[in-house]
Amino acid sequence: MWYFTWILGLLLACSLGIINVLRLEAQETWDKEHIPLDPLTQLMTKDTMLGRLKEKIENSKRNGFPFSIIFISLKDFKTKHNNFPDYEMDAILRGVADCFKQDIRAGVDIAARIDEQDFLIAMPGSSLKKAEEIATQIKNQILERVKAPSALIVEVATGVAEYANYPKKFSTTANEVDELIRIATAKSGL
């Protein structure tokens, strides 16, 4: 008789696991449908990304896992190319977004357009070394694949920062987010 109890327990545990997976999938689908996206690149907006970074910092504090961010900027893109048609510049920005959509982990990493020519990728569970490798891959892909029409020049700068490296001296999570972005931007050389 004891094995019937054991089998029922196992079935219950499996059922709860399946229910949890379905709940997570439903939440992810809802998030995708209700998150405001940048209309040009179909990436998250800056405000949404800042909220997500706060969540990632809180998760990192709780579970102790590192997470990294990658800052990607098209150096002086808008100022150098003010006289070119918007549709050419828009095509380049869409091409850049497409390059790193392929390199990030679906359902894990999050990407956003945070400015006219700047992008940010959050990589939960990734060390600084892994994020640097991905940043290099993304930069190379952008330089290889995104061909500018006319005389447009695409120059890419990347910077990487890891949250786990910072002491817990910040008064608020928002300050930690700002500092993390500042460090990644500084490392990009901009």
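Residues numbered from 1 in each chain as written. Predicted model: local features only at pLDDT ≥ 70, side-chain atom pairs only at ≥ 80, totals over all residues. Heavy atoms only, no water.

1. Describing helix 2 (residues 46–63)
Piece 1. The first and last C-alpha atoms of helix 2 sit 25 Å apart over 18 residues, in line with the 26 Å expected at 1.5 Å per residue.
Piece 2. Buried within helix 2 are the following residues: Thr-48, Met-49, Arg-52, Leu-53, Lys-56, Ile-57 and Ser-60.
Piece 3. Once helix 2 ends, the next one or two residues include Gly-64, with phi positive near 80°. (Helix = DSSP H or I, 4+ residues; strand = E, 2+ residues; numbered from the N terminus. Expected span 1.5 Å × (residues − 1). Buried < 20%, exposed > 50% of the residue type's maximum accessible area, 1.4 Å probe, protein only.)

2. Looking at helix 4 (residues 86–103)
Piece 1. Taking 1.5 Å as the rise per residue, helix 4 with 18 residues should run 26 Å; its terminal C-alpha atoms sit 27 Å apart, in good agreement.
Piece 2. Those residues of helix 4 that fall on the buried side of the exposure criterion are Glu-88, Met-89, Ile-92, Leu-93, Val-96, Ala-97, Cys-99, Phe-100 and Asp-103.

3. Quick notes on the nonpolar core
Piece 1. Counting 28 residues, the largest nonpolar core has Ile-70, Ile-72, Val-96, Phe-100, Ile-121, Ile-142 and Val-154 as its most contacted members.
Piece 2. At the level of secondary structure, the elements contributing two or more residues to this core comprise strand 1 (67–74), helix 4, strand 3 (118–124), helix 5 (128–145) and strand 4 (156–162).
Piece 3. The element best represented in this core is helix 4, accounting for 7 residues.
Piece 4. Formed by 20 residues, the second largest nonpolar core is a distinct cluster that contains Ile-57, Leu-180, Ile-181 and Ala-184. (Core = buried A, V, L, I, M, F, W, Y, C linked by side-chain atoms within 4.5 Å.)

4. Considering the pattern of salt bridges
Piece 1. Following the criterion strictly, the structure yields 3 salt bridges and no others.
Piece 2. Across the salt bridge formed by Arg-113 and Asp-38, the nearest N and O atoms sit 3.2 Å from each other. Of the two residues, Arg-113 sits in strand 2 (residues 110–113) while Asp-38 sits in the loop between helix 1 (2–34) and helix 2, which places them 75 residues apart along the sequence.
Piece 3. Judged by its relative accessible area of 14%, Arg-113 is buried.
Piece 4. For Asp-38, a relative accessible area of 12% gives the class buried.
Piece 5. Among the salt bridges present, the one from Glu-55 reaches Arg-52, with a minimum N-O distance of 3.9 Å. Of this pair, Glu-55 and Arg-52 both sit in helix 2, 3 residues apart, which is roughly one turn of the helix. (Salt bridge = Lys/Arg side-chain N within 4 Å of Asp/Glu carboxyl O.)

Note that every value here comes from positions in space, so none of it alone points to a role or purpose.
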